[in-house]
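Residue-level structure breakdown
Here's the letter readout for the chains.
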Amino acid sequence: MPIYRGNVGNLLQHWVLCEILQDLQHHAEHLTFIDAYSMAPFATERPRIDETADLFDYVREHLADGESPYEKAWHELQLAHSRSIGYPNSANFLVAAWLKQYSLLLCETDTATVHELREWTDGLTDAKRCVSKEVFAGDWRKRFSESLPASGDALLFSFDPYMVSRRRAANNPGAANVYPEDLDCLPGVVDALPDPLLMQISTYSANDGNSQEAVIDVVRSSLAGSGLEIVAVVRPLKKDLRDRNGQMMSLVLARNAPWAKSLAFLEGRFQRWQRGLAQRMS
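The following refers to the structure shown. All of these numbers come straight from a predicted model, not from anything done at the bench.

Following the sequence through the fold, D35 ends up in strand β1 (residues 30-35). Classification of D35 by relative accessible area gives buried; the value is 1%. As a C-alpha pair, D35 and P258 span 223 residues in sequence and 23 Å in three-dimensional space. Once residues lying within four places of it in the same chain are set aside, the contact partners of D35 are S90, L105, L106, C107 and S158. There is a polar contact of 3.2 Å between the side chain of D35 and the backbone nitrogen of Y37.

Put simply, helix α1 (residues 8-24) and helix α10 (residues 266-281) touch, their axes get as near as 11 Å, and they point 125 degrees apart. Between α1 and α10, the interaxial angle falls into the category oblique. Viewed along their axes, α1 and α10 form a crossing whose handedness is right-handed. Residues L11, L12, W15, V16 and E19 of α1 form the contact with α10, whose participating residues are L266, R269, F270 and W273. For the contact of α1 with α10, a count of residues per class yields seven nonpolar, no polar and two charged.

For the rest of this paragraph, the subject is the layout of surface pockets. Quantified by volume, the largest pocket comes out at close to 1,000 Å³. Around the largest pocket, the lining comprises 44 residues; the ones closest to its centre are R5, D160, P161, Y162 and Y204. Contributions of two or more residues to the lining of the largest pocket are made by α1, β3 (87-88), β4 (101-108) and α6 (140-144). The biggest single contributor to the lining of the largest pocket is α1, with five residues. For the lining of the largest pocket, the per-class residue count stands at 20 nonpolar, 14 polar and ten charged. Empty space within the second largest pocket amounts to approximately 230 Å³. Put simply, the parts of the chain that give the lining of the second largest pocket at least two residues each are α2 (53-61) and α10.

What counts as what
- Residues numbered from 1 in each chain as written.
- Predicted model: local features only at pLDDT ≥ 70, side-chain atom pairs only at ≥ 80, totals over all residues.
- Heavy atoms only, no water.
- Helix = DSSP H or I, 4+ residues; strand = E, 2+ residues; numbered from the N terminus.
- Buried < 20%, exposed > 50% of the residue type's maximum accessible area, 1.4 Å probe, protein only.
- Contact = heavy atoms within 4.5 Å.
- Polar contact = N/O pair within 3.5 Å; in protein donor to acceptor, adjacent residues only side chain to side chain.
- Axes fitted to C-alpha atoms, helices over the stretch in contact; angles between N-to-C directions.
- Parallel < 35°, antiparallel > 145°, perpendicular 65-115°, else oblique.
- Left-handed = near helix turned anticlockwise from the far one by under 90°.
- Nonpolar A, V, L, I, M, F, W, Y, C, P; charged D, E, K, R; others polar.
- 1 Å grid on protein atoms, 1.4 Å probe; cavity = no way out; pocket = protein on both sides within 12 Å on 5 of 7 lines; lining within 4 Å.
- Points joined across faces, edges and corners; volume = space filled by probe spheres on them.

Set out below in structure tokens:
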């Protein structure tokens with residue numbers, strides 16, 4: 001069943017994604033988007049309400065007043081689908097926020113979700129914008145072992161696991177996590193791909209000794225030599241969003257994209273956006 005968390009993790013991931021797209025729009029005409037954890041095009045089930053749900057709900061209820069690219073894209077999707085509840089996936093946000101040509105590779109392991117993704121991509125009929133689309137039914141690791149699409153003049157990878165772990169998977173890997181051996185494979189995957197190349201890696205848990213600092217270190221060391229460098233580290237405000245243990249973080253990496261240095265300010269911009277929400281809620 002297509003589910004969404006409806007918490008600050010959703011806000012963090014897709015606010016950052018939409019800001020990347022906003023900046024990239026000035027530097028590319030055709031974007032290839034490769035999503036390792038695609039999720040449902042529009043999830044409708046929210047199985048658990050956590051302590052940051054009030055912020056998520058406030059944003060959703062005030063989208064018409066929102067000024068960020070993220071809020072505008074979400075509002076557009078709401079109106080287009082006549083849905084005031086539920087939550088779009090990353091590919092949906094891309095289609096709404098990216099105004100130029102795009103190609104999609106969406107990887108997903110859940111059979112029911114794969115069916116929904118294929119139904120959704122079949123509906124992307126604007127050939128002037130949607131150049132190509134592929135939904136891969138299976139683990140992204142398998143698809144990444146083959147040739148990846150690179151028809152555009154910019155590439156953007158999205159990794160949205162439950163957790164990025166600094167510990168190797170050993171004998172019982174969890175498909176929902178990203179491990180050092182997964183990161184170690186990425187330089188070989190991206191080596192033959194054209195530039196500019198960007199990558200967003202989000203993580204939502206610091207359990208099992210996976211502090212944000214440890215995750216940053218393992219990402220940096222595993223991708224050394226790939227040309228990909230961390231250009232932004234975006235974390236929620238702990239005070240406003242009650243992320244007391246430093247659980248959530250979104251990393252932005254870039255290769256041969258000089259303009260991407262401006263993304264270093266994303267964390268400050270995200271936190272100012274949070275403060276504004278908190279003030280309006282109080």
